[in-house]
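# Descriptive analysis of the structure
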Amino acid sequence: MTIPPTTDTVRDPDLLDRPLDTDAAGPVAPEKKSFSLGRLLAWVVTGLIMLVTLFPFYWMVRTAFSNGSTLAANPGSLLPVNFTWGAFQRVLGLSSIEDARAQGGSGASIDFWLALRNSVIISLVITVGQTLFSAMAAYAFSRLVWPGRDLVFGLFLAALMVPPIFTSLPNFLLIKNLGLINTLPGIILPFLFMTPFAVFFLRQFFLGLSREVEEAAKIDGASNVRIFFKLIVPMSSAPITTLAILTFIASWNEYLWPLLVARDASAQPLTLALGIFRSQTPGGSPDWAGLMAMTLLAALPIILLFVAFGRRVVNSIQFSGIK
Amino acid sequence: MKRSRRSFAAIVAGGAAVALALTACGGGSSDTAGSTVASVGGAQTAAAGGDVNGTIEYWLWDSLQLPAYQECADAFAKKYPGAKVNITQYGWDDYWAKVNNGFTSGTGPDVFTDHLSKYPEFVNKQYILNLTDALKADGADKDIYQKGLLSLWTAQDGGIYGLPKDFDTIAMFYNEDMLKAAGYTDADVQNLTWNATDGGTFEKFIAHMTIDNNGVRGDEPGFDKANVKTYGFGQENLTDGVGQTQWSPFTGSNGWDYTNVNPWGTQFNYGDDKFAETMAFYKSLSDKGYSPTIDKTVGVDTGTQLAAGTFATVFEGSWNTSSYLSKGVNLKIAPTPVGPSGKRASMFNGLADSVNAASKNQPTAVKWVEFTGSQECQDLVAAQAVVFPAIPESTTKAEDAFKAKGIDMSGFTVQVKDGTTFLTPITDHAADVTALMAPALQAYMGGQADASSFKDVNDQVNALFK
């Protein structure tokens, strides 16, 4: 049994169709794409999995385009109930209170663009900060030699075991004493510098980089800072990108910490602003259409991110997995 | 309004955790949180007098009431040039966590909409101001409210901690189309009765309103209670020991009350036979298939189920009327059934605004509370037809406003007219009582415990007050 020697050959579509047990067949002849039961089964299973995965997303779209006030009367309808753009208008603040109420919305309005701006600022700053600082820390833990390094790293790893809920109170007190409640820096700071996971993730990768290149650079008189930025970072662009994307998604979806720190609309990210579509009174119903419309809009940037970088993420995860 | 829902436990737990931790390690914080450890009797009193100006922050949770209070805020600003009220609204599910968080972190509002189940704790912790002296100094008329409402907001120390804004009662929403299809008229459901022996006309009614997947009604032979399409009576998940929109209309009309005295009772009566008897009746409705069993009530939003035709009737509070009636089905309102006591019963509840003890602009905050408790503001609220204002004249105006929208609210107001309301239990340790009672009730409804378990849990509840 031969295994395709390099990852490049795998990308060749013909190779994927070729049976792996080429020993018996000798030189491989171009395979006819014949019908087989196995192939059909594979397609059916794939199709089913796709359906199961994508159906909730479709349901979200269907609900977002429904009229909230009649939605509950037709819970099983596969198509939007009384198709309307109303929910999106409510989300974008384009609908009057009367219209919103008539469609099952609330009397409250939401500043979508402000929340979007906040989300973008929070996620971008955290992503840039966390990726940069984690990479620097990982470099120190993997390539530099200093006394007590492994002990410090061990302690650092132990921090991975502490559930975030335990740190939220001390963090909250700190942020409060710094006077940063209800501000964007208050939301960003606890996540800005690093997380044990990010450092661990990058350290594992950095450990596998070749020593020779680094030593050559040292002989040429390059400083550690220069080596880090000119050698290590470019050589590790794939895992760093992966980390950045994962960090961005995590900060985009963060809910608990902003809930504690940001109470004013001025500092609320999208996840908090969504609260306006939850039930506003005890026993009241959520504005499902509005909630789904806003969730859809809030998820768009992440979807676009995946469209742009999805292949890269998958590749880099495979890559680091092989390492 | 009512004190509990699906997320109540989560809110209480979250809020309590934050409060607890902050008080425990908040020795160094100088402002509001510093004064959290306090005893009853040493309440802070609102400073009377002072200039009414500057901007104050005001929080409320009901988005449907937001436009009305915005109008009040505009009128207030007109009355006191230089003063401004900045309103922030958070949905019920987030509200209490934010209020608790605001108290402990010193970032709370100046004035907030308070709830009867929460304010005893706030009084104990000196989070909110005693308004008595300020009201006296300003000559605010305290006798204008519906009878009994102001006494709800008078704490054990005799201080007034909020001025009533509105009141609410419970009624039965029903799907009129289903009712007609079942051969009933609107008049038939105005005076239903229930009893613990044979369920009375109420049980007959909901049995007939129940339809299984084969189209067989609950009172017909061959009814399949395991596969019900429409439940005659929608129940909610039991998340506290009050059951405001769940079982309280039954316990109330069976002559049972929560505590030895109310407000400020110190002995609960969950061990009473009448309570066990009423809960047995309540559970029997699910056992017979006329109501969903408790596992089918978790995470269920009764309004949606009513609109979807899964429920034919539900008990619900007056505050949700407009959102229920805009659901695209033909809903009407009937009073809750008459019980063994010979009367119907509804919990009588109401909201008030309280002043944060940490407010830096107390004179304006107190004036705003007086204003939301005045007829001028309550008339504006009445015109929106969302809730019943606390002042009788404004209540009448609200009824007219509902009528103008084609909504007959008499199912709610009949309880006030006939004097069949009972007060929501106001006690200390409300969160602890919930923590004990919610699981006990769920275990009973789920069949894991029998009615005798209420006696044990009642002992635990009463031990909180020792």
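For clarity, every value in this text was computed on a predicted model and none was experimentally measured.

## Quick notes on the overall build of chain A
On a plain count of helices and strands, chain A comes out with 18 helices and 0 strands. With 323 residues in all, chain A has 41% of them scored as buried. Pairs at least 24 residues apart make up 67% of the contacts formed inside chain A by residues separated by at least 6 positions. When the accessible surface of chain A is summed, it comes to about 18000 Å², and 71% of that surface belongs to carbon and sulfur atoms.

## Topic: the pairing of strand S5 (residues 170–175) of chain B
Regular strands show a simple pattern: their side chains alternate between the two faces of the sheet. All names here are of chain B. Most of S5 sits out of view: 6 of its 6 residues are buried. One ladder, built from 5 bridges, connects S5 with strand S8 (residues 313–317); its direction is antiparallel. Opposite Ile-170, over in S8, you have Gly-317 as the bridge partner. In this structure, S5 lies alongside strand S9 (residues 331–334), joined through 4 bridges in antiparallel fashion. By the bridge assignment, Asn-175 is partnered in S9 with Leu-331.

## Quick word on the domain arrangement of chain B
Residues and elements named next belong to chain B. Domain parsing of chain B yields domain 1 (54–167 + 350–406) and domain 2 (169–348 + 424–464). Once you take the C-alpha centre of each, domain 1 and domain 2 turn out to be 30 Å apart. Note on domain 1 versus domain 2: buried area summed over both sides is about 1400 Å², and carbon and sulfur give 65% of it. Of all residues in domain 1, the largest losses of buried area upon contact with domain 2 belong to Pro-120, Gln-156 and Phe-167, amounting jointly to 28% of the total for that side. Between domain 1 and domain 2 we count 0 salt bridges in total. Here domain 1 is connected to domain 2 by 2 residue pairs in polar contact (both at pLDDT 80 or more). Of all the secondary-structure elements, those providing two or more residues to the side of domain 1 that touches domain 2 are helix H4 (119–124) and helix H6 (149–152). For the side of domain 1 that touches domain 2, the element with the most residues is H4, which contributes 4 residues.

## Some details on the interface of chain A and chain B
With 34 residues of chain A in contact, the opposing surface of chain B contributes 43 residues. Here chain A packs against chain B, burying approximately 3000 Å² in sum over the two surfaces, 53% of which is carbon and sulfur. The largest contributions to the chain A side of the interface with chain B come from Arg-101, Arg-263 and Pro-282 of chain A, which together make up 24% of the buried area. Where chain A packs against chain B, one counts 0 salt bridges. Here chain A is connected to chain B by 4 residue pairs in polar contact (both at pLDDT 80 or more). Breaking the side of chain A that touches chain B down by element, the ones donating at least two residues are helix H5 (68–71), helix H7 (97–102), helix H10 (164–177) and helix H16 (256–261) of chain A. In terms of residue count, the dominant contributor to the side of chain A that touches chain B is H10 of chain A (4 residues). Looking at the side of chain A that touches chain B, its residues break down into 17 nonpolar, 12 polar and 5 charged.

## Comments concerning the side chain of Ser-248 of chain B
Residue and element names in this part refer to chain B. By the secondary structure assignment, Ser-248 is in helix H9 (residues 248–252). With relative accessibility at 0%, the residue Ser-248 sits in the buried group. With sequence-adjacent residues up to four places away left out, Ser-248 is seen in contact with Val-242, Gly-243, Tyr-258, Met-347 and Phe-422.

## Description of the UniProt feature "transmembrane region" (unreviewed entry) in chain A
Residues and elements named next belong to chain A. In the UniProt entry, the feature "transmembrane region" (unreviewed entry) is given for residues 40–61, 120–141, 153–175, 187–206, 227–250 and 288–309. A helix fraction of 85% and a strand fraction of 0% characterise residues 187–206, whose end C-alpha atoms lie 30 Å from each other. Across residues 288–309, the secondary structure splits into 100% helix and 0% strand, with the terminal C-alpha atoms separated by 31 Å.

Calculation notes
Residues numbered from 1 in each chain as written. Chains lettered and ligands numbered in written order. Predicted model: local features only at pLDDT ≥ 70, side-chain atom pairs only at ≥ 80, totals over all residues. Heavy atoms only, no water. Helix = DSSP H or I, 4+ residues; strand = E, 2+ residues; numbered from the N terminus. Buried < 20%, exposed > 50% of the residue type's maximum accessible area, 1.4 Å probe, protein only. Contact = heavy atoms within 4.5 Å. Areas by Shrake-Rupley, 256 points an atom, 1.4 Å probe, with all protein chains shown as cover. Pairing = 2+ DSSP bridges. Domains from an automatic or database assignment. Buried area = accessible area lost by both parts, 1.4 Å probe. Salt bridge = Lys/Arg side-chain N within 4 Å of Asp/Glu carboxyl O. Polar contact = N/O pair within 3.5 Å; in protein donor to acceptor, adjacent residues only side chain to side chain. Nonpolar A, V, L, I, M, F, W, Y, C, P; charged D, E, K, R; others polar. UniProt positions renumbered as here; feature names shortened; annotations may be inferred.

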